[in-house]
Number of protein chains: 2
Amino acid sequence: MINVVLLGGGNVGVNLAKTLSNTKGVRLLQWYNRSSTVFQNIKTTGQTTTQLNAIVEADIYLICVSDTALTEVSSGLEQKKGLVAHTAGSVALDVLKTHDNFGVFYPLQTFSKQKEVDFSTIPLCLEANTEQNLALLTKLANAIGGPLHYIDSTQRKALHIAAVFVNNFTNHLYTIGAELCEEHQLPFSILQPLIAETADKIKTLPPRSAQTGPAARNDNGIIADHLQQLSKLQHQKLYQLISTSIQQQNE
Amino acid sequence: MINVVLLGGGNVGVNLAKTLSNTKGVRLLQWYNRSSTVFQNIKTTGQTTTQLNAIVEADIYLICVSDTALTEVSSGLEQKKGLVAHTAGSVALDVLKTHDNFGVFYPLQTFSKQKEVDFSTIPLCLEANTEQNLALLTKLANAIGGPLHYIDSTQRKALHIAAVFVNNFTNHLYTIGAELCEEHQLPFSILQPLIAETADKIKTLPPRSAQTGPAARNDNGIIADHLQQLSKLQHQKLYQLISTSIQQQNE
């Protein structure tokens, strides 16, 4: 049985609290958050607390707070013997080096409070200061069930940037698609099968091979026509730059 | 029974040839393509031809050739009494006005020869010169089974631009994700659950509400750090412009 204390009630924290409460071989002993609002309406095992000085002893402390709050929460755990791990993509392992046992447990997924995700499909990226600590994080990851990757801090940062491109930036392109639909009295749902197929295709085809469209076939007539049709300058700029980037790639 | 002649052997043509061969209430009479190579290895009903002057009589002529070849193929059908329809997103209905009966049958999806798609999920965008012709295209669309939309030429052009954003441009962001993975000896598969969830989330959450990441929360420290980490100038430019666009949207 791995005893876990979870720290943080953001999107990652809420999703981990639910998952750890239902994971065999794991006991969620305690869930800390600065404010207690988040604890309402979420059913978890173990106690909850808003006091950093009330944290109990555990095998693993999983910190899921914002990068800026990380140092403060980490300091609050200085007397603990257990393994202190953060869950951030862009933060190096080293920031936890004031502890004896420390590591990183980075779930590579986008989390929101409104939509529950299936943790058994989420890649878990692990790093730790010793082999023994890495083994403990591996045990936790195996209990949760997601695909497991040993990733150092430099790789994790690159991965986080890649995640910004394929998740945050892609979602922004979806927003622009929705805006263009609204502008022409079209329902956004009309684009959803295309969005689903675009995401599905790269499971079997490398994205470079899956590239189609006016830029990929150097159809400068259509590109010029599209640029003229776009009413927002920001959309024009994005259309132009991404098209150029696709064309350069094909050179 | 709707008798159809299909013209074109590109990605759309190949996928329609397979689908029409298996659609109840539709008979694929003939499939035309300039070269016969495409006919090999694809099992369809009806005859095949490479001769535009050998086209038989039919209820509907579906043209799936490139925008540039459209005029030539359309001219070859000038003596036909049936309904001549093109399948292009960016071409207005009017280009077919030399015919008595004409329309547009635009399937809003990304097609590749390597991956078969399920036509029953694909939005079919219809337009025609008369109510009667629109009814005939509606009958064909209903036989195939996809969600049906009546879309005029202006809307269809906007839709095509939206499709470029959510499909072509999104796929380019996937390519950049793959490049960043390669650069750091990481398998691209590690990003796939994130890509799938990003596409899935907007089925229940409007993309504007689903927006997360450094730009959405104005985390300029992380943005500056990411820009510094990116080794390719083109990646930096895209990161910068899309981040700015996300920030402007939140203002």
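These lines cover the structure that appears in this document, whether it is placed above or below. (Residues numbered from 1 in each chain as written. Chains lettered and ligands numbered in written order. Predicted model: local features only at pLDDT ≥ 70, side-chain atom pairs only at ≥ 80, totals over all residues. Heavy atoms only, no water.)

### A look at the relation of the copies chain B and chain A
Moving on, step 1. Rotating chain B by 180 degrees about the axis while translating it 0.0 Å along that axis superimposes it on chain A, leaving an RMSD of 0.0 Å. As the rotation angle and translation indicate, the two copies are arranged about a two-fold axis. Residue threonine 170 of chain B, judged by its C-alpha, is the member of chain B lying nearest the rotation axis, at 2.7 Å.
Moving on, step 2. Take the interface residues of chain B: 100% of them recur as interface residues in chain A, which is what a same-surface contact looks like. (Least-squares fit on C-alpha atoms with pLDDT ≥ 70 in both. Contact = heavy atoms within 4.5 Å.)

### Observations concerning the interface of chain B and chain A
Moving on, step 1. Taken together, the contact pairs 86 residues of chain B with 86 residues of chain A.
Moving on, step 2. In total, chain B and chain A occlude about 8,300 Å² of area from one another, counting both sides; carbon and sulfur atoms represent 68% of this.
Moving on, step 3. Here chain B and chain A share four salt bridges between them.
Moving on, step 4. Along the contact surface separating chain B from chain A lie 34 residue pairs in polar contact (both at pLDDT 80 or more).
Moving on, step 5. When residues of the side of chain B that touches chain A are traced back to their parent elements, those giving at least two are α4 (153-183), α5 (192-201), α6 (207-210), α7 (220-229) and α8 (233-250) of chain B.
Moving on, step 6. The greatest single-element share of the side of chain B that touches chain A, amounting to 27 residues, is contributed by α4 of chain B.
Moving on, step 7. Classifying every residue of the side of chain B that touches chain A gives 42 nonpolar, 33 polar and eleven charged. (Buried area = accessible area lost by both parts, 1.4 Å probe. Salt bridge = Lys/Arg side-chain N within 4 Å of Asp/Glu carboxyl O. Polar contact = N/O pair within 3.5 Å; in protein donor to acceptor, adjacent residues only side chain to side chain. Helix = DSSP H or I, 4+ residues; strand = E, 2+ residues; numbered from the N terminus. Nonpolar A, V, L, I, M, F, W, Y, C, P; charged D, E, K, R; others polar.)

### Here we look at the pairing of strand β1 (residues 2-7) of chain B
Remember that side chains alternate between the two faces of the sheet whenever the strand is regular.
Residue and element names in this part refer to chain B.
Moving on, step 1. Taking burial as the measure, the six residues of β1 include six buried ones, the bulk of the element.
Moving on, step 2. The alternating pattern of β1 places Ile2, Val4 and Leu6 and Asn3, Val5 and Leu7 on opposite faces, both of which are buried.
Moving on, step 3. As defined by bridge partners, β1 adjoins strand β2 (residues 26-32) across six bridges and the pair is classed as parallel. Residue pairing across strands places leucine 6 opposite tryptophan 31, the latter belonging to β2.
Moving on, step 4. Between the parallel pair β1 and β2, the chain is carried across by helix α1 (residues 11-21), and the sense of this crossover is right-handed.
Moving on, step 5. Where β1 lies against strand β4 (residues 60-63), four bridges are found, and the strand directions are parallel. Within β4, the position partnered with leucine 6 by the bridge is leucine 62. (Buried < 20%, exposed > 50% of the residue type's maximum accessible area, 1.4 Å probe, protein only. Pairing = 2+ DSSP bridges. Right-handed = clockwise from strand over helix to strand, strands pointing away.)

### Some thoughts on helix α4 (residues 153-183) of chain A
Residue and element names in this part refer to chain A.
Moving on, step 1. An ideal rise of 1.5 Å per residue puts 45 Å on 31 residues; α4 measures up with 44 Å between its terminal C-alpha atoms.
Moving on, step 2. Along α4, the largest kink reaches about 30 degrees and is centred on valine 164.
Moving on, step 3. In terms of burial, α4 is largely enclosed, as 28 of its 31 residues are buried.
Moving on, step 4. The N-terminus of α4 is capped by aspartate 152, whose side-chain oxygen sits 3.1 Å from the backbone nitrogen of threonine 154.
Moving on, step 5. Note on α4: the residue one or two positions beyond its end, glutamine 185, has a positive phi of about 55 degrees. (Expected span 1.5 Å × (residues − 1). Bend = angle between axes of the 7 residues up to and from the residue.)

### Description of the pattern of salt bridges
Moving on, step 1. Summed over all chains, the structure comprises 16 salt bridges over all chains.
Moving on, step 2. Residue glutamate 57 of chain A pairs with lysine 80 of chain A through a salt bridge whose shortest N-O separation is 3.6 Å. With glutamate 57 of chain A in the loop between β3 (47-49) and β4 (60-63) and lysine 80 of chain A in the loop between α2 (70-75) and β5 (83-86), the pair connects residues that are 23 residues apart, well separated along the chain.
Moving on, step 3. The partner of aspartate 200 of chain A in a salt bridge is lysine 203 of chain A, with the nearest N and O atoms 3.2 Å apart.
Moving on, step 4. What makes aspartate 200 of chain A partly exposed here is its relative accessible area of 29%.
Moving on, step 5. One connected set of salt bridges, linked through shared partners, spans Glu179 and Lys232 of chain A together with Arg208 of chain B.

### Thoughts on the packing of α4 of chain A against α7 of chain B
Moving on, step 1. Put simply, α4 of chain A and α7 of chain B touch, their axes get as near as 11 Å, and they point 105 degrees apart. Comparing their axes, α7 of chain B and α4 of chain A come out roughly perpendicular. Facing Lys157, His160, Ile161 and Val164 of chain A of α4 of chain A, the residues of α7 of chain B in contact are Asp225, His226 and Gln229 of chain B.
Moving on, step 2. Along the lines of polarity and charge, the residues of the contact of α4 of chain A with α7 of chain B split into two nonpolar, three polar and two charged. (Axes fitted to C-alpha atoms, helices over the stretch in contact; angles between N-to-C directions. Parallel < 35°, antiparallel > 145°, perpendicular 65-115°, else oblique.)

### Quick word on the side chain of histidine 172 of chain A
Moving on, step 1. Here histidine 172 of chain A shows up in helix α4.
Moving on, step 2. Side chain to side chain, histidine 172 of chain A and serine 245 of chain B meet in a polar contact 2.6 Å long.
Moving on, step 3. Those residues in contact with histidine 172 of chain A that lie beyond four places of it in its chain are Leu238 of chain A together with Gln211, Ile242, Ser245, Ile246 and Gln249 of chain B.

### A word on the sheet that holds β4 of chain A
Residues and elements named next belong to chain A.
Moving on, step 1. Spatial ordering of the open sheet is given by β3-β2-β1-β4-β5-β6-β7-β8, a layout of eight strands whose pairing is mixed. In this open sheet, the two strands that pair with only one neighbour each are β3 and β8 (148-150). For this sheet, the mean angle separating the axes of adjacent strands, direction not counted, is 25 degrees.
Moving on, step 2. Packed onto the sheet, helix α1 (residues 11-21) meets β1 (2-7), β2 (26-32), β4 and β6 (102-107) and runs at close to 145 degrees relative to β2.

### Concerning the sheet that holds strand β8 (residues 148-150) of chain B
Residue and element names in this part refer to chain B.
Moving on, step 1. Judged by pairing direction, the sheet is mixed, and its eight strands sit side by side in the order β3-β2-β1-β4-β5-β6-β7-β8 without closing on themselves. Two strands close off the open sheet at either side, each with one partner strand: β3 (47-49) and β8. The average angle at which neighbouring strand axes cross in this sheet is 25 degrees, direction not considered.
Moving on, step 2. Sitting on the sheet, α1 touches β1, β2, β4 and β6 (102-107), and the angle it makes with β2 is about 145 degrees.

### Structural notes on unusual backbone geometry
Residue and element names in this part refer to chain A.
Moving on, step 1. Positive phi is not limited to glycine here, since asparagine 218 has a value of about 50 degrees.
Moving on, step 2. Inspection of the secondary structure assignment puts asparagine 218 in the loop between α6 (207-210) and α7 (220-229).
Moving on, step 3. Using a relative accessible area of 46% as the deciding quantity, one classes asparagine 218 as partly exposed.

### Brief notes about the environment of glutamate 72 of chain B
Residues and elements named next belong to chain B.
Moving on, step 1. The residue glutamate 72 is located in helix α2 (residues 70-75) in this model.
Moving on, step 2. In this structure glutamate 72 comes out as partly exposed when scored by relative accessible area, which is 48%.
Moving on, step 3. Sequence separation between glutamate 72 and leucine 52 is 20 residues, and the spatial gap between their C-alpha atoms is 9.5 Å.

### Points about the packing of aromatic side chains
Moving on, step 1. Considering all chains together, one arrives at ten aromatic pairs over all chains under this definition.
Moving on, step 2. Between tryptophan 31 of chain B and phenylalanine 39 of chain B the ring centres are 5.1 Å apart and the planes differ by 65 degrees, which places this aromatic pair in the edge-to-face class. The two residues tryptophan 31 of chain B and phenylalanine 39 of chain B agree in class, both being buried.
Moving on, step 3. Between phenylalanine 111 of chain B and phenylalanine 119 of chain B, the ring centres sit 5.6 Å apart and the planes meet at 25 degrees, which makes this aromatic pair stacked.
Moving on, step 4. For phenylalanine 111 of chain B, a relative accessible area of 6% puts it in the buried group.
Moving on, step 5. A residue is classified by how much of its surface remains accessible, and phenylalanine 119 of chain B, at 3% relative accessible area, is buried.
Moving on, step 6. An aromatic cluster is defined as three or more aromatic residues linked by ring pairs; in this entry it consists of Phe165 and Phe169 of chain A together with Tyr239 of chain B. (Phe/Tyr/Trp six-rings, centres within 6.5 Å; stacked < 30°, edge-to-face > 60°.)

These values are about where atoms sit, not about what they do.
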